[in-house]
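Coordinate analysis (summary)
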Amino acid sequence: MAVEKEILVPDIGDFEDVEVIEVLVSAGDAIEREDSLVTIESDKASMEIPSPFSGVVGEIAVSVGQRVSEGTLLARITTSDAEPDAKPIAVAREAAARATAVDAEPAAVEASEPTTSDEPRAPQPAPALHAASAARTAHASPSVRRFARELGANLDRIQGSGRKGRVLKQDVQDYIKRALHQGSPPAPLENVLQIAPARPVDFSEFGEIEIAPLNNIRKIAARSLHRSWATIPHVTQFDEADITELEAYRKSQQIEAEKRNVKLTALTFVMKAVVSTLKEFPQFCASLDESGDNLILKRYFHIGVAVDTPNGLVVPVVRDVDRKGLFDLAAELAEVSERARNRKLTQADLSGGCFSISSLGGIGGTAFTPIVNGPEVAILGVSRHLMKPVHLDGQFVPRLMLPLSLSYDHRVIDGAAAARFTTKLRGVLSDVRNLAL
Ligand code: CAO
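Residues numbered from 1 in each chain as written. Predicted model: local features only at pLDDT ≥ 70, side-chain atom pairs only at ≥ 80, totals over all residues. Heavy atoms only, no water.

**Quick notes on the pattern of salt bridges**
The full count for this structure, using the stated rule, is 18 salt bridges. Linking R426 and D239 is a salt bridge whose minimum nitrogen-to-oxygen distance equals 2.9 Å. Taken together, the residues span a long stretch of sequence, with R426 in helix α12 (residues 415–430) and D239 in strand β10 (residues 234–242) at a distance of 187 residues. Classification of D239 as buried rests on a relative accessible area of 16%. Taking the shortest distance from any N to any O, the salt bridge between K324 and E332 comes out at 2.9 Å. Classification of K324 as partly exposed rests on a relative accessible area of 22%. Through salt bridges with shared partners, one network takes in E4, E6, E59 and R76. (Salt bridge = Lys/Arg side-chain N within 4 Å of Asp/Glu carboxyl O. Helix = DSSP H or I, 4+ residues; strand = E, 2+ residues; numbered from the N terminus. Buried < 20%, exposed > 50% of the residue type's maximum accessible area, 1.4 Å probe, protein only.)

Written as structure tokens, this is what we have:
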């Protein structure tokens, strides 16, 4: 008979109130005992929490960004009756210690290798984020895994000279040396771009330095920006919208905005104009599916807005922009960016976007090349508007021009479509009649 069991965060040593940075399973997944469920990360290290049972995942009770401690419910798993009760994870504390020792020398880490095949696996220091399979099967300490990952070497292909075939740092170095000396293309290297790793530089040789650890927001943003930059073929289309009339209209609404206690900036109009344009260009409001063979077209209009916070960039999502008026949107934008700056955003605030806007208009600059916020396929950059001489009806007239930078995923969007999109967008922004959007 099937039985539903709860999986709680086990004893994770001194780790408390740590952030979930990855959820590795989904509801409905059939999992084996010891399959990793989530990755958690403290300021010092990350680790994976394994399932103590085999079974089928029912509810996932945590999401990325949520903070957990020992005892927090992670998931419910439906197991068969035959599945033995989980043994307490007696080695968790050691595992946590190993995780904090991520940069320790291999020998020191090896001494604490505690797990036997009969025991549930303790939370594991996270292996490579993108090359996890290699790190999972080879025996190596976290520091050696990290070292191999940085060099793009697949641990599975390296013969370990340590106890029980454990791969040591020296083994990785020898492997890389051999690969380079063979003069052959670096086929054994897993780095698909086949770029030689940069030589480490000791900057203190050249002057005084200070080490500033990156906070979690920056680290998580860095990962997704890096993923998007490396996996999406980007092209950026530039354009300018004449917003002279729009600006006059915006100013005419200031008294009403003050009455409602909202700040009506150009960005609110851009959000509405983008949605109006997306309706005509549905492939910009889409994501590629996992196979890469199908485009998932979204019939809703949830727009991500990049917010600059003291802790780094975050992109909360404003939902159903098509159904909201300008003042409501302005109020929501102010509210969500305030929460972003106070680190009060939830995972729900950060998910579900169709298309993102990054506005640097309040700061400056003439144009930039924003990175697509994958799995979305396009992002609009907005720069500072400027009064410019524009040739109209045989003479130069001063017009307020808003620079637009549309980056898009060229696998999904053709250059001609992108040019049509920005042309439509500038048309919507330029014609004050569109303000009754
Ligand atoms: N041109 C000229 N001025 C502009 C403008 C534009 N395109 N857009 C806004 N402004 C003005 C506003 O009117 C406001 O003027 P006042 O102070 O005189 O009222 C001022 O600039 C500041 O605006 P704001 O930043 O408070 O408001 P916003 O609605 O334009 O933007 C938000 C809100 C949250 C998006 C913004 O504060 C922010 O964080 N921007 C940075 C986003 C970012 O970092 N992007 C880069 C990510 S990497 O791709």
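**Some details on the site of the ligand**
Around the ligand, a shell composed of 19 residues is seen, among which T265, D308, R341, S358 and H385 lie nearest. For the ligand, a nitrogen atom lies 2.9 Å from a polar atom in the side chain of S358. S359 places a main-chain nitrogen or oxygen 3.1 Å from a nitrogen atom of the ligand. When the free accessible area of the ligand is taken as 970 Å², the share hidden by the protein chains comes to 71%. Every element with two or more residues in the shell around the ligand is listed here: β14 (307–309), α10 (326–341) and β17 (355–359). Residue composition of the shell around the ligand, grouped by class: 7 nonpolar, 8 polar and 4 charged. (Near = heavy atom within 4 Å. Polar contact = N/O pair within 3.5 Å; in protein donor to acceptor, adjacent residues only side chain to side chain. Areas by Shrake-Rupley, 256 points an atom, 1.4 Å probe, with all protein chains shown as cover. Nonpolar A, V, L, I, M, F, W, Y, C, P; charged D, E, K, R; others polar.)

**A short note on helix α9 (residues 266–280)**
A turn of α-helix holds 3.6 residues, and therefore any two residues three or four places apart point the same way. Across its 15 residues, α9 extends 22 Å between first and last C-alpha, which sits within 8% of the 21 Å expected from 1.5 Å per residue. When you tally the buried positions in α9, you get 12 out of 15 residues, the bulk of the element. All buried positions along α9 are accounted for by A266, L267, T268, F269, V270, M271, K272, A273, V274, V275, T277 and L278. (Expected span 1.5 Å × (residues − 1).)

**A short note on the nonpolar core**
Ranked by internal contacts, the top residues of the largest apolar core, which has 47 residues, are F355 and L429. With 8 residues, α9 is the largest single contributor of residues to this core. Sequence-distant contacts of L429, defined by excluding residues within four places in its chain, comprise A241, D242, I243, L246, F269, V270, A273, L402 and L404. If you look at the next biggest cluster of nonpolar residues, it comprises 20 residues, including V38, V62, V68 and I77. (Core = buried A, V, L, I, M, F, W, Y, C linked by side-chain atoms within 4.5 Å. Contact = heavy atoms within 4.5 Å.)

**Overview of the pairing of strand β20 (residues 395–409)**
In this structure, β10 lies alongside β20, joined through 9 bridges in antiparallel fashion. Residue pairing in the sheet places T236 in a bridge with S407 of β20. Two strands pair when backbone bridges link them, and strand β19 (residues 386–392) and β20 are joined in this way by 7 bridges, in the antiparallel orientation. Counted as the bridge partner of M387 is L400 from β20. The turn linking β19 back onto β20 is made up of 2 residues, and D393 within it adopts a positive phi angle of 45 degrees. (Pairing = 2+ DSSP bridges.)

**A short note on the sheet that holds strand β6 (residues 55–60)**
Read across the sheet, 4 strands follow the order β1-β8-β6-β3 without closing on themselves; strand pairing throughout is antiparallel. Of all strands in the sheet, those bounded by a partner on one side alone are β1 (2–8) and β3 (30–31). Two strands pair when backbone bridges link them, and β6 and strand β8 (residues 73–80) are joined in this way by 3 bridges, in the antiparallel orientation. Within β8, the residue paired with I60 across the bridge is A75.

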